[in-house]
Amino acid sequence: MSTLVQPATSQIGSVNAQGVEDALSLIAPKWTTWSAQTLVQQGGPMRVRDVAARLPFVSEQFVGKRLAQMHADGLVTRAGARHGAPYQLSAFGNSLSSVHRALSDWSQAHLSLGKVAGAERVEDAVRRLHLRHSTAVIQVLDAGPMRFVRIAEEAGLDNGFTRQRLMRLQLDGLVTRTGPHRGDPYVLTDAGRALGPVYAAVERWSNPVAAPRPAAAPVAAATRTHTGIPLGSDGIRTAAALRRSTAAPSSLFSHAPQPQPRVPTAVTVQSAPFRGR
């Protein structure tokens with residue numbers, strides 16, 4: 001039985017999904033946005049200890065590792081290889097402002113996070129978007145409601161991985177189902193359908209990713225860290241610090257909180273959020 005297909009209304013389907021995800025992977029590691037915005041606020045070179053002093057909820061050692069990875073990825077430059085040499089944003093890193101703005105605006109309009117620092121809002125948005133093949137699944141669903149098997153076929157993914165990715169996208173408020181039953185079609189939420197400007201901003205910024213960037217000297221500490229790395233056993237205290245902190249620049253993202261993601265109006269009557277398969 002065929003499903004009603006809604007026409008795409010955004011740039012979602014026209015972007016290079018892999019290119020977008022490759023670009024997002026550069027800014028996905030936790031504290032990358034915080035570190036970049038701290039350097040923006042300073043407006044000049046900063047030593048690791050000075051960046052860490054602005055981020056009191058992160059250890060100096062971890063800030064050093066994060067800046068080393070950003071250096072390897074071309075987001076920051078370093079004034080020499082000597083120990084303690086200061087970092088500053090490269091031209092590539094400075095051009096992140098448009099991506100940060102698009103992510104922040106999207107989050108403000110569609111995610112209810114409460115009162116959080118601007119950098120934390122951006123990092124939360126990237127966490128929802130950067131996983132491999134998430135963009136491909138969202139692009140498929142941008143055409144309208146679709147059943148599981150068809151999604152897997154259109155995205156070129158195996159069933160197991162497609163199911164896993166759909167469950168994650170549901171948890172992140174980007175995808176839902178048009179009903180509570182296992183065979184009911186999946187559909188993008190309003191938050192998911194509004195991702196066009198975000199993807200477009202990331203793709204514009206990512207064009208230099210494919211072009212040669214200044215080579216960064218190998219740094220032993222430059223180990224890419226999983227975005228969900230814990231900073232200690234007291235996660236509640238860390239979360240509270242994130243919300244209280246005025247260390248990270250937030251003036252760039254000064255908007256009032258907005259409502260939770262909604263299912264598109266066309267399917268509201270029959271939709272029901274569902275986290276199962």
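Residues numbered from 1 in each chain as written. Predicted model: local features only at pLDDT ≥ 70, side-chain atom pairs only at ≥ 80, totals over all residues. Heavy atoms only, no water.

A.B. asks: Looking at this structure, how should I read the environment of Gln-170?
C.D. replies: Note that Gln-170 resides in helix H10 (residues 159-171). Overall, the relative accessible area of 7% leaves Gln-170 in the buried class. As for Gln-170 and Tyr-186, which are separated by 16 residues in sequence, their C-alpha atoms are 9.5 Å apart. (Helix = DSSP H or I, 4+ residues; strand = E, 2+ residues; numbered from the N terminus. Buried < 20%, exposed > 50% of the residue type's maximum accessible area, 1.4 Å probe, protein only.)

A.B. asks: Even after reading the chapter, I still don't get H10, so can you show me in this structure?
C.D. replies: At 3.6 residues per turn, the α-helix brings residues three or four places apart onto the same side. Counted at 1.5 Å a residue, the expected span for H10 with its 13 residues is 18 Å, and the 18 Å between its end C-alpha atoms agrees. Between the side-chain oxygen at the start of H10 and the backbone nitrogen of Gly-160 there is a gap of 3.1 Å, and the oxygen is on Asp-158. Looking one or two residues beyond H10, the residue adopting positive phi is Gly-173, at roughly 80°. (Expected span 1.5 Å × (residues − 1). Polar contact = N/O pair within 3.5 Å; in protein donor to acceptor, adjacent residues only side chain to side chain.)

A.B. asks: Would you mind going over helix H9 (residues 148-155) with me for this structure?
C.D. replies: Restricting attention to buried positions, one finds in H9 the residues Phe-148, Ile-151, Ala-152 and Ala-155. In a view along the axis of H9, the buried residues occupy a sector of 95°, so they form one face of it. Elements that come into contact with the buried residues of H9 comprise helix H8 (134-141), H10 and strand S4 (186-188). Looking one or two residues beyond H9, the residue adopting positive phi is Gly-156, at roughly 70°. (Arc of directions from axis to C-beta. Contact = heavy atoms within 4.5 Å.)

A.B. asks: What should I look at first to understand the nonpolar core in this one?
C.D. replies: Where a protein is soluble and globular, its nonpolar side chains tend to be buried together. Ile-27, Leu-103, Trp-106, Leu-129, Leu-141 and Trp-205 are the most contacted members of the largest nonpolar core, which has 63 residues in total. Contacts of Trp-205, omitting those with residues within four sequence positions, involve Ala-23, Leu-26, Ile-27, Leu-75, Phe-92, Ser-95, Leu-96 and Val-99. (Core = buried A, V, L, I, M, F, W, Y, C linked by side-chain atoms within 4.5 Å.)

A.B. asks: I'm lost on the packing of aromatic side chains in this one. Help?
C.D. replies: Aromatic ring pairs: the centre-centre distance and the angle between the two ring planes describe each pair. A full pass over the atoms with the stated rule returns 4 aromatic pairs. Ring plane angle 35° and centroid distance 5.4 Å describe the contact between Trp-31 and Phe-57, whose orientation is recorded as tilted. Taken together, the positions of Trp-31 in the loop between helix H1 (17-27) and helix H2 (32-42) and Phe-57 in the loop between helix H3 (48-54) and helix H4 (60-72) put the pair 26 residues apart, joining distant regions of the chain. Comparing Trp-31 with Phe-57, the two get one shared label, buried. (Phe/Tyr/Trp six-rings, centres within 6.5 Å; stacked < 30°, edge-to-face > 60°.)

A.B. asks: Looking at this model, I keep getting lost on the confidence of the model for the protein. Mind explaining?
C.D. replies: Any residue range with low pLDDT should be treated as having predicted coordinates unsuitable for detailed reading. Chain-level statistics for the protein give a pLDDT mean of 78 and a share of 71% at 70 or above. Low confidence marks residues 1-9, where pLDDT is under 50. Its contacts with residues over four positions away, or in another chain, come to 19 contacts. Between residues 209-277, whose pLDDT stays under 50, and residues either more than four places distant or in other chains, the model counts 133 contacts. (pLDDT = per-residue confidence, 0-100.)

A.B. asks: Would you mind going over the packing of helix H6 (residues 97-110) against helix H7 (residues 118-129) with me for this structure?
C.D. replies: Angle between the axes and distance between the axes: these two values describe a pair of packed helices. The interhelical angle for the contact between H6 and H7, taken along N-to-C directions, is 85°, at an axis separation of 9 Å. Here H7 runs roughly perpendicular to H6, going by the angle between their axes. Note on element contacts: H7 touches H6 through Arg-121, Val-122, Ala-125, Val-126, Arg-128 and Leu-129, opposite His-100, Leu-103, Ser-104, Trp-106, Ser-107 and Gln-108. Tallied by class, the residues present in the contact of H6 with H7 amount to 6 nonpolar, 4 polar and 2 charged. (Axes fitted to C-alpha atoms, helices over the stretch in contact; angles between N-to-C directions. Parallel < 35°, antiparallel > 145°, perpendicular 65-115°, else oblique. Nonpolar A, V, L, I, M, F, W, Y, C, P; charged D, E, K, R; others polar.)

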